[in-house]
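Residue-level listing of the chains:
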Amino acid sequence: MSNAIKIHGFPLSGHAHRVELFSSVAGIAHEVIYVDLPAGEHKQAPFLALNPLGVVPVIEDSDVVIHDSISILIYLARKYAPSYIPEDLANEAEMHRFLAMSAGEISYGPGAARLINVFNSPVDPVFAKETAAKALTKLEQQLDGNDFLVANKVSLADFAIYSYVAHAPEGDVSLDPYPNIRRWLSNVEGLSGFVPMQATKAGLVK
């Protein structure tokens, strides 16, 4: 796998998972490199040389180093899998709206709620769950009659949103009220090359 990109990540990181998931589904040769977050490896000099912010994921593509999961997704799609970016400009703009949502409402909603239970993070649970409810309601409406988020075709939007929504129950956020979202999760999970994110027994997952 000498020509494979290196994905530095952690199994419980949704940000890292979205990169691994996209790489696998898109057929991009890659090697996943475990970063021992509990041991503080991400704050040590070798990793900080890759990402001074000290967070995963980071990719190495030959001499190119990129961090921030959304930037990575765009880079990988542009270089290796352009079909996952809509050709129609309006649809591409819609895709970017969901990429922004993944870094905003999804991260501060279901993502943050999960952090409380899985990592004992000092996050406001009320705010996280209220934000999650608003975000999931928007997604439920978007997916009414649609198999995927943008133009009824799989795109980067689906990979950016999937991980933290799929694992929302770990943050005590139930997906029971959202049948369209549950159907969409199954659609993503049915993609050839799908790889799951490591689950925990936190929250509603017993």
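Everything that follows concerns the structure shown earlier in this document.
Positions within a chain are numbered from 1, following the residues in the order the chain's sequence is written. At least 70 in pLDDT is required for a residue's local features to be given in this predicted model, at least 80 for side-chain atom pairs to be given and counted, and no such filter applies to totals for whole chains, interfaces and linings, which use all residues. Side-chain metrics in this entry use all non-hydrogen atoms of the structure; hydrogen atoms and water are not considered.

K.L.:
How would you sum up the packing of aromatic side chains? Please name residues and give values.
P.N.:
The description of an aromatic ring pair rests on the distance of the ring centres and on the angle between the ring planes. Classification of ring pairs uses Phe, Tyr and Trp, with its six-membered ring standing for Trp, and accepts pairs whose centres are within 6.5 Å; under 30 degrees between planes counts as stacked, over 60 as edge-to-face, and the remaining range as tilted. Applying the stated rule across the entire model yields six aromatic pairs. For the pair F10 and Y34, a centre-to-centre distance of 5.9 Å together with 35° between the ring planes defines the contact as tilted. Taken together, the residues span a long stretch of sequence, with F10 in the loop between β1 (5-9) and α1 (14-25) and Y34 in strand β2 (residues 30-34) at a distance of 24 residues. An aromatic cluster of three or more residues is present, and its members are F22, Y84 and F159. The ring of F98 is capped by R97, whose NZ or CZ atom sits 4.6 Å from the centre of that ring. Note on conventions: DSSP H or I runs of at least 4 residues are helices, E runs of at least 2 residues are strands, and numbering of each starts at the N terminus. Two limits define a charge over a ring: the Lys NZ or Arg CZ must be within 6 Å of the ring centre, and within 35 degrees of the ring normal.

K.L.:
Go over helix α8 (residues 179-189), please, and point to the residues and values.
P.N.:
Burial classes: relative accessible area under 20% of the type maximum marks a residue as buried, over 50% as exposed, and values in between as partly exposed (1.4 Å probe, protein chains only). Restricting attention to buried positions, one finds in α8 the residues N180, I181, W184, L185 and V188. Relative to the axis of α8, the buried residues are bounded by an arc of 140° and lie together on one face. Close packing links the buried residues of α8 with α1, α6 (125-142) and α7 (156-166). What the arc covers is the set of directions going from the helix axis to the C-beta atoms. Working rule for contacts: check all heavy atoms of both residues, and any pair within 4.5 Å makes them a contact.

K.L.:
Lay out the sheet that holds β2 in plain terms, naming residues and giving numbers.
P.N.:
In short, DSSP must find at least two bridges between two strands for them to pair. The four strands are arranged β2-β1-β3-β4 in an open sheet whose pairing can be described as mixed. Edge positions in the sheet fall to β2 and β4 (64-67), since each has one partner strand and no second. For this sheet, the mean inter-axis angle between neighbouring strands, taken without regard to orientation, is 20°. Every axis in this analysis is a line fitted to C-alpha atoms, fitted for helices over the stretch in contact. Angles between the N-to-C directions lie between 0 and 180 degrees. On top of the sheet, α1 reaches β1, β2 and β3 (58-61); it is set at about 150° to β1, its chief contact.

K.L.:
Lay out the side chain of R18 in plain terms, naming residues and giving numbers.
P.N.:
Residue position: R18 is located in helix α1. Neither His nor the chain ends is counted toward charge; the positive residues are Lys and Arg and the negative residues Asp and Glu. What makes a salt bridge here is a side-chain nitrogen of Lys or Arg within 4 Å of a carboxyl oxygen of Asp or Glu, nothing more. It turns out R18 is buried and unbridged, and the closest side chain with the opposite charge, D68, is 7.0 Å from it. Polar contact criterion, stated in full: a pair of N or O atoms within 3.5 Å, where within protein one must be able to donate a hydrogen and the other to accept it, and residues adjacent in sequence count only if both atoms are side-chain atoms. Within the local environment of R18, its side chain forms a polar contact with the side chain of S69, the two groups lying 2.8 Å apart. Each residue touching R18, except ones within four places of it in the same chain, is listed here: S69, I70, L73, S102, F159, A160, S163 and Y164.

K.L.:
Account for the side chain of E140, with residues named and values stated.
P.N.:
Among the secondary structure elements, E140 is positioned in helix α6. Of the side chains with opposite charge, R182 lies nearest to the buried E140, which makes no salt bridge, at 6.8 Å. Setting aside residues no more than four positions away along its own chain, E140 makes contact with Y178, P179, N180 and I181.

K.L.:
Let's hear about the pairing of β4: which residues, and what values?
P.N.:
With four bridges connecting them, β3 and β4 associate as antiparallel partners. Bridge pairing links I59 to I66 in β4. Hairpin remark: β3 followed by β4, antiparallel, with two residues in the connecting loop; positive phi at S62, about 55°.

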